[in-house]
Amino acid sequence: MVEHKRGSIAFFATYRTPVPLDIFSCPFPLPKPTENDELPMIDDKKDEYNYNGREIPKDALKKLLKLPNLKSKTEGKEADVDNGNLSGIIFVSERNRQELLHVALRFQSPPKVEIYLLAEIFGTDDFKKVCLEDSGCFTDNHLIYVSTKEPATARRQPWTAVYQTSLLTGVTDRLTPPGTADLSPSVSPSKKMIAVASFQGKAGGWDGEIEDLKTNIYIMDVKSPHTRRMIVKNGGWPTWGSDNVIFFHRKDDPIIHPPGQKFPKDVFWGVYRVEISTGIVKRVTPLNIDGFTPVAIDPNRVVVVTVREESQGLGAARVVDQFRQIEIFDSRNEHSTRITQNTTSSKADHFNPFLIDGGKLIGYHRGRSDKLSFDQAVERPFQTLDSSLPDVGLFRVSGVFPTISKDGKRLAFVDNEFKAVWVADSNGLHIAYEEDGPDRLFSPVWNQSEDTLYVCVGPSFNERMNVNINAITHVSKYRRQFYALTDQYNNAFPSSSPDGKKLVYRSTGKDGFKNLYIMEDSKRGVVKGREPRRLTKGEWTDTHCQWSPKGDWIVFSSTRDKPAGAPELDQGLDPGYFAVFLVKWDNPDVLVRVMTSGTNISGHVNHPCFSPDGRSIVVTSDIAGVSVDPISLPLFEHSVRPYGDIFSIDLPDDHLVTYQDGKYQGGKHVRDVEKFTRITHSKYEYSTATWTNFATQDPNRAWSMRLPAGDFTPSCPYLHQDGGESYHMTGHLLLPKRCC
């Protein structure tokens with residue numbers, strides 16, 4: 001058992017799919033238009049997330065079987081591959097506490113599936129780091145894939161690079177040049193070339209794009225991979241139709257409506273075809289539908305995910321064409337062949353197709369469970385993950401804004417509907433506070449000296465409306481009382497002083513700017529004319545505040561260093577340019593900037609939280625950019641950002657400035673910590689972390705009893721009226737203004 005001497009970090013995965021995913025296939029063409037020939041392609045292990053599958057070519061599979069590590073584990077032989085009894089799929093799964101590539105060996109007789117990690121096949125030397133792996137494919141002698149195993153050379157540069165691991169020796173080499181980042185590798189039919197979607201050649205690299213990354217497509221020769229050339233500007237998800245033809249997707253410019261035609265919107269995703277020899281680019285999918293994540297069958301035909309009709313809004317019932325479906329298009333004509341619209345899973349979203357057996361089967365992934373109420377989802381176990389910090393545990397909870405009491409006995413969070421505060425303690429898992437009206441609940445936090453929770457109550461994503469901080473007393477004793485501590489302005493993100501007597505929080509206050517305030521009496525609050533003490537003041541946003549364990553500092557995120565002339569909103573959402581600061585709770589002139597997102601302080605370093613010993617701060621940040629083409633993700637309509645990971649910052653001694661002889665030494669001290677540790681590696685947005693000094697294995701902590709080896713599913717209240725899957729997903733994002 002690993003000892004977590006510095007405790008554990010709990011966090012939530014924002015916008016991760018609310019039901020498990022699994023990989024299926026469907027024959028092409030379907031024998032009958034209405035027959036359901038959909039077949040599961042992995043094992044039947046429940047509650048797993050399996051996705052982004054690709055077939056392993058027969059020659060590559062036979063070479064894998066010869067590797068000593070796999071040869072000693074499986075009964076599969078080359079003869080089984082030759083006679084059709086054994087086939088293989090490489091796919092991403094979260095079953096091993098990270099988002100890693102796995103190999104599935106599928107035996108026909110007797111039918112069984114064996115699943116192995118890359119580390120089990122190639123050894124752990126190149127696969128022992130905490131990282132993300134994706135997009136596995138094969139040349140003649142190499143496995144090609146994406147990984148975040150090496151840090152980027154600059155902040156806000158994605159860590160995603162393409163690697164090759166030899167099927168003969170197990171040796172791994174990086175193909176992506178230093179200083180750039182690649183996504184979505186694809187191998188040509190001759191196995192002589194690789195195409196990637198790259199940030200190379202893109203001014204500024206990744207610049208915080210949320211849905212449309214505007215990458216460029218580069219190709220490289222397998223024998224000289226560092227000799228690369230761009231063939232498409234503004235394209236993603238390349239797939240080879242021949243050694244001279246590549247299909248790709250891009251988000252179009254606003255369309256000019258043909259005479260007499262009107263479309264429901266002006267911007268669509270489209271799949272295109274480019275001839276490398278001539279540079280001729282042609283759109284393949286129709287102008288008035290969305291098409292993305294293609295996989296080529298041949299130089300003319302391509303399998304595409306489509307959304308043919310816009311849905312009517314979040315949670316509304318959908319018809320078949322409003323789900324993500326799989327279709328085949330021919331670039332020589334306007335004809336398409338519908339695939340998943342003819343199966344019994346037609347009222348579900350289908351993702352990221354791939355070919356099996358030369359195109360006789362079309363593979364994809366989709367949700368695998370039935371309707372799931374948010375109560376059932378919340379009550380599922382939490383999940384431990386591998387941590388980059390060997391002395392700190394890491395676990396993902398089934399709700400937002402986790403908070404753990406100082407004694408470690410109680411964990412609280414808000415469900416994904418933002419309607420109830422849940423508590424895990426010695427009485428089990430129960431609801432401590434519920435909101436039946438139109439308001440939402442967010443950011444619960446424990447008083448650090450008593451059995452009291454604070455929670456924000458009000459409209460979500462609307463800074464012009466009143467949001468109040470409520471106190472919930474006697475949480476664990478069922479003699480609870482609820483009362484408001486504020487009665488005006490937009491107040492949020494409270495944090496208790498160590499003695500429990502004061503609260504720091506952010507408020508719009510009288511001037512409308514979000515700054516920090518001190519509530520001197522956490523029991524009486526600032527209602528009925530009582531006023532708080534203002535801690536910070538400025539025409540910027542100070543938010544996400546937390547008191548230090550010793551009570552001397554307050555950590556918070558702020559846009560105060562946003563340069564003049566910068567856009568008012570970042571990607572149409574929030575102000576952007578969030579950095580982390582420390583301020584003395586009793587002297588606002590003592591200010592220390594801890595960390596920024598990039599060299600120009602753009603981006604986001606948010607939701608800071610102290611370690612129990614006060615020597616480190618954990619944050620949610622975009623320091624590592626984006627790790628996936630966002631349109632390929634099963635995104636909710638209300639998704640905000642498909643990126644953000646948990647990072648730890650160790651504070652140098654000179655950051656924790658002290659008073660000497662009653663006088664502060666140094667004045668305003670502003671600098672940035674350069675060293676940080678990336679704790680999580682994910683395609684999704686990991687957010688709102690909290691740090692407790694108790695280990696995940698501590699049997700005296702009631703919440704740790706919810707950490708079995710199994711998985712969990714986040715809450716999703718959006719159940720459809722038409723019998724479709726319980727989660728509402730789309731090819732597009734509605735982008736609400738983030739609450740900050």
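Parameters at a glance
- Residues take numbers from 1 onward in each chain, read along the sequence in its written order.
- With the structure being a predicted model, the display of local features is reserved for residues of pLDDT at least 70 and the display and counting of side-chain atom pairs for 80 or more, all residues being used for whole-chain, interface and lining totals.
- Here the side-chain values reflect all heavy atoms present in the structure, with hydrogen atoms and water set aside.
- Strands are treated as partners if at least two bridges between them are detected by DSSP.
- Numbered from the N terminus, helices here are DSSP runs of H or I no shorter than four residues, and strands are runs of E no shorter than two.
- Axis definition: a line fitted to C-alpha atoms, limited for helices to the stretch in contact. Angles are taken between N-to-C directions and run from 0 to 180 degrees.
- Aromatic rings from Phe, Tyr and Trp, taking only the six-membered ring of Trp, are treated as a pair when their centres fall within 6.5 Å; an angle between ring planes under 30 degrees marks them as stacked, one over 60 as edge-to-face, and anything in between as tilted.
- Relative accessibility thresholds used throughout: buried, under 20% of the residue-type maximum; exposed, over 50%; partly exposed, between the two (1.4 Å probe, protein chains only).
- Two conditions define a charge located above a ring, namely a distance within 6 Å from the ring centre to NZ of Lys or CZ of Arg, and an angle within 35 degrees of the ring normal.
- We call two residues contacting when some pair of their heavy atoms lies within 4.5 Å.
- Each nonpolar core is a collection of buried residues, namely Ala, Val, Leu, Ile, Met, Phe, Trp, Tyr and Cys, held together in the definition by side-chain atoms within 4.5 Å.

Within an unreviewed UniProt entry, the label attached to the protein reads Dipeptidylpeptidase IV N-terminal domain-containing protein, and the organism entered is Papaver atlanticum.

Quick look at the sheet that holds strand E9 (residues 142-147)
Taken together, the four strands give an open sheet; going across it, the order is E8-E9-E10-E11, and neighbouring strands pair in antiparallel fashion. Every interior strand has two partners, whereas the edge strands, strand E8 (133-138) and strand E11 (172-174), have only one. Between one strand axis and the next, the sheet turns through 25° on average, direction left out of account. When strand E10 (residues 161-166) meets E11, the two strands line up antiparallel, connected through three bridges. From the neighbouring strand, Gln164 faces E11, where its bridge partner is Asp173.

Focus: the packing of aromatic side chains
Within the structure shown, the criterion is met by 14 aromatic pairs. Where Phe11 meets Tyr686, the ring centres are 4.6 Å apart and the plane angle is 45°; that geometry is what we call tilted. Pair noted here: Phe11 is in strand E1 (residues 8-14) and Tyr686 is in strand E51 (residues 685-692), with a separation of 675 residues, a long-range link. Arranged with centres 6.3 Å apart and planes meeting at 45°, the rings of Phe401 and Phe442 form a pair that is tilted. Linking Phe401 in strand E28 (residues 400-404) with Phe442 in strand E32 (residues 440-446), this pair joins segments that are 41 residues apart in sequence. Each member of the pair, Phe401 as well as Phe442, is classed as buried. Joined through ring pairs, the aromatic side chains of Phe122, Phe127, Tyr145 and Tyr163 make up one cluster. One cation-aromatic arrangement involves Arg560 over Phe581; the distance from NZ or CZ to the ring centre is 5.6 Å.

Description of unusual backbone geometry
In the segment running from Ser109 into Pro110, the intervening peptide bond is cis, with an omega of -10°. Among the structural elements, Pro110 can be located in the loop between strand E6 (100-108) and strand E7 (111-117). Even without glycine at this site, Asn352 takes up a positive phi of about 50°. Structurally, Asn352 can be placed in strand E24 (residues 350-356). Judged by its relative accessible area of 4%, Asn352 is buried. Backbone geometry places Gln571, a non-glycine residue, at a positive phi of 55°. One can find Gln571 in the loop between strand E41 (553-558) and strand E42 (579-584).

Let's talk about helix H1 (residues 58-66)
Those residues of H1 that fall on the buried side of the exposure criterion are Ala60, Leu61, Lys62, Leu64 and Leu65. On its buried face, H1 sits against helix H2 (68-71), helix H3 (78-82), strand E5 (86-93), E6, helix H4 (118-122) and E8.

What to know about the nonpolar core
Core analysis: the biggest nonpolar cluster contains 29 residues, and Leu64, Leu105 and Phe122 have the highest contact counts within it. When residues of this core are traced back to their parent elements, those giving at least two are H1, E5, E6, H4, E9 and E10. Not counting the four nearest positions on each side in its chain, Phe122 is found in contact with Leu64, Leu67, Asn69, Phe127, Leu143, Thr165, Ser166, Leu167 and Gly170. Counting 19 residues, the second-largest nonpolar core is a separate cluster that includes Phe610, Ile617, Ile649 and Val673.

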